[in-house]
Amino acid sequence: MATLALFDDSSPPQPIADGAVWLPGFALAQDRALLAAIEAITAVAPFRHWETPGGLRMSVAMSNAGDCGWVSDRRGYRYDTCDPLSGQPWPALPPLLRELARDAAAAAGFPAFAPDACLVNRYLPGAKLSLHQDRDERDFTAPIVSVSLGLPAVFQFGGLKRADPVLRLPLTHGDVVVWGGASRLRFHGVLALKAGHHPLLGAQRLNLTFRRAR
Ligand code: MD6
Ligand code: FE
């Protein structure tokens with residue numbers, strides 16, 4: 001019924017490739033609870049800028065929750081059960097986040113997604129993430145689930161080869177993107193964040209990416 005759309009704050013799923021779906025507004029109804037969960041995670045494991053294996057400081061600040069977390073330094077990219085800053089295990093993945101990731105994956109055709117890692121990314125104006133593949137995980141049968149909060153950003157979604165054509169998705173607060181199956185190893189990235197003000201988050205974008213890493 002058309003009138004239902006007036007009371008629903010999300011729009012229909014947008015298939016973007018085989019195994020890849022954009023779910024506009026999927027996380028919107030939980031935005032404040034998600035923000036509180038991110039604040040609790042980053043109170044224990046603060047945002048930090050990793051160094052790439054090539055010695056560059058990443059412009060995106062990162063933290064993690066879950067059984068393992070994505071880390072980078074001169075030795076390479078990898079997953080580690082402990083936060084190298086504290087030597088302690090990463091904060092546990094809050095049930096709200098686990099359930100959101102599972103529900104979004106199911107809506108995109110990947111039932112029973114059970115993430116063991118959640119990267120928390122903070123973009124301030126100018127921060128960007130160059131085109132890359134997510135291939136540090138042991139098992140590529142599980143999808144990646146990405147949740148965007150705060151300022152809008154342009155998400156680049158390419159092909160299986162770096163030089164393949166790239167789609168540009170204007171992701172906004174509450175959007176979720178899921179990629180798995182035939183799209184699991186597609187190149188993707190985020191263009192430099194533009195300055196702005198978001199009513200809930202101010203001058204930043206937060207992104208959660210859920211994975212099955214081990
Ligand atoms: C994003 N992040 O921040 C997407 N991938 O919107 C990623 O694609 C990503 O932050 C691998 C490692 C770290 C990341
Ligand atoms: Fe990635």
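Since we're looking at a predicted model, the values are computed, not measured. (Residues numbered from 1 in each chain as written. Chains lettered and ligands numbered in written order. Predicted model: local features only at pLDDT ≥ 70, side-chain atom pairs only at ≥ 80, totals over all residues. Heavy atoms only, no water.)

**Student:** Can you walk me through the overall build of the chain in this structure?
**Tutor:** On a plain count of helices and strands, the chain comes out with three helices and 13 strands. Compactness check: the chain gives a C-alpha radius of gyration of 16 Å against a globular reference of 17 Å for 214 residues, within 12% of the reference. Judged by the C-alpha coordinates and their principal axes, the chain covers about 55 × 35 × 35 Å. Relative to its full complement of 214 residues, the chain shows a buried share of 50%. Taking the intrachain contacts of the chain between residues at least 6 apart in sequence as the baseline, contacts between residues at least 24 apart amount to 72%. Of the charged side chains in the chain, 22 are positive and 19 negative; the average position of the first set lies 7 Å away from that of the second. (Helix = DSSP H or I, 4+ residues; strand = E, 2+ residues; numbered from the N terminus. Rg over C-alpha atoms; globule rule 2.2 N^0.38 Å. Buried < 20%, exposed > 50% of the residue type's maximum accessible area, 1.4 Å probe, protein only. Contact = heavy atoms within 4.5 Å. Lys, Arg positive; Asp, Glu negative; His and termini not counted. Charge placed at Lys NZ, Arg CZ, Asp CG, Glu CD.)

**Student:** So what exactly am I meant to see when it comes to the coordination of the iron ion (ligand 2) here?
**Tutor:** Under ideal tetrahedral coordination, the four donors around a metal are separated by 109.5 degrees; under ideal octahedral coordination, the six donors are separated by 90 or 180 degrees. Distances from the iron ion (ligand 2) to its protein donors, His132 (NE2), Asp134 (OD) and His188 (NE2), fall at 2.1 Å. Sequence spacing of the donors to the iron ion (ligand 2): H-x1-D-x53-H. Look at His132 and you get partly exposed, because its relative accessible area is 22%. (Donors = N, O, S within 2.8 Å, 3.2 Å for Na, K, Ca; no water.)

**Student:** Honestly, helix H2 (residues 31-44) in this entry has me stumped. Any pointers?
**Tutor:** What sets the pattern is the α-helix's 3.6 residues per turn: residues three or four places apart point alike. Helix length check: H2, at 14 residues, gives a terminal C-alpha distance of 20 Å against a target of 20 Å (1.5 Å per residue), a fit within 8%. The complete set of buried residues in H2 reads Asp31, Leu34, Leu35, Ala37, Ile38, Ile41 and Thr42. Buried residues of H2, viewed axially, fall in a sector of 160 degrees; they line one side. Residues of H2 that are exposed and point more than 90 degrees away from the buried face comprise Arg32, Glu39, Ala43 and Val44. Those residues of H2 that are buried are in contact with strand E3 (61-66), helix H3 (95-107), strand E6 (117-123), strand E8 (144-150) and strand E13 (205-211). (Expected span 1.5 Å × (residues − 1). Arc of directions from axis to C-beta.)

**Student:** Would you mind showing me how to read the site of ligand 1 here?
**Tutor:** The local shell around ligand 1 holds 14 residues, among which Asn121, Tyr123, His132, Asp134 and His188 are the closest. Measuring from an oxygen atom of ligand 1, one finds a side-chain N or O atom of Tyr123 at 2.5 Å. Between ligand 1 and Arg205 there is a distance of 3.2 Å, counted from an oxygen atom to a side-chain nitrogen or oxygen. About the coverage of ligand 1: the protein hides 96% of its 350 Å² of free accessible area. Contributions of two or more residues to the shell around ligand 1 are made by E6, strand E7 (129-132), strand E12 (188-190) and E13. (Near = heavy atom within 4 Å. Polar contact = N/O pair within 3.5 Å; in protein donor to acceptor, adjacent residues only side chain to side chain. Areas by Shrake-Rupley, 256 points an atom, 1.4 Å probe, with all protein chains shown as cover.)

**Student:** Hey, could you run me through the pattern of salt bridges in this one?
**Tutor:** Counted under the stated rule, the structure contains eight salt bridges. In this structure, Arg102 and Asp103 form a salt bridge, with 3.2 Å as the shortest nitrogen-oxygen distance. One salt bridge in this structure joins Asp134 and Arg211, with 3.1 Å as the shortest N-O distance. One end of the pair, Asp134, is in the loop between E7 and E8; the other, Arg211, is in strand E13, and 77 residues separate them in sequence. This pair shows no difference in class: Asp134 is buried, exactly as Arg211 is. Salt bridges here are not isolated pairs; linked through shared partners, they connect Asp134, Glu137, Arg184 and Arg211. (Salt bridge = Lys/Arg side-chain N within 4 Å of Asp/Glu carboxyl O.)

**Student:** Quick question: what am I supposed to make of the sheet that holds strand E1 (residues 14-17) here?
**Tutor:** Sheets are built from strands that pair by backbone hydrogen bonding, the pairs being arranged parallel or antiparallel. Spatial strand order, E1-E2-E11-E8-E13-E6-E3: seven strands in an open sheet with antiparallel pairing. Of all strands in the sheet, those with a lone pairing partner are E1 and E3, marking the two edges. Pairs of neighbouring strands in the sheet enclose a mean axial angle of 20 degrees, with direction left out of account. Pairing of E1 with strand E2 (residues 20-23) involves three bridges; the strand directions are antiparallel. Within E2, the residue paired with Gln14 across the bridge is Trp22. Sheet contacts for H2: E3, E6, E8 and E13; angle to E3, the most-contacted strand, approximately 95 degrees. Sheet strands in contact with H3 are E2, E6, E8, strand E11 (176-179) and E13, and its direction is about 115 degrees off that of E8. (Pairing = 2+ DSSP bridges. Axes fitted to C-alpha atoms, helices over the stretch in contact; angles between N-to-C directions.)

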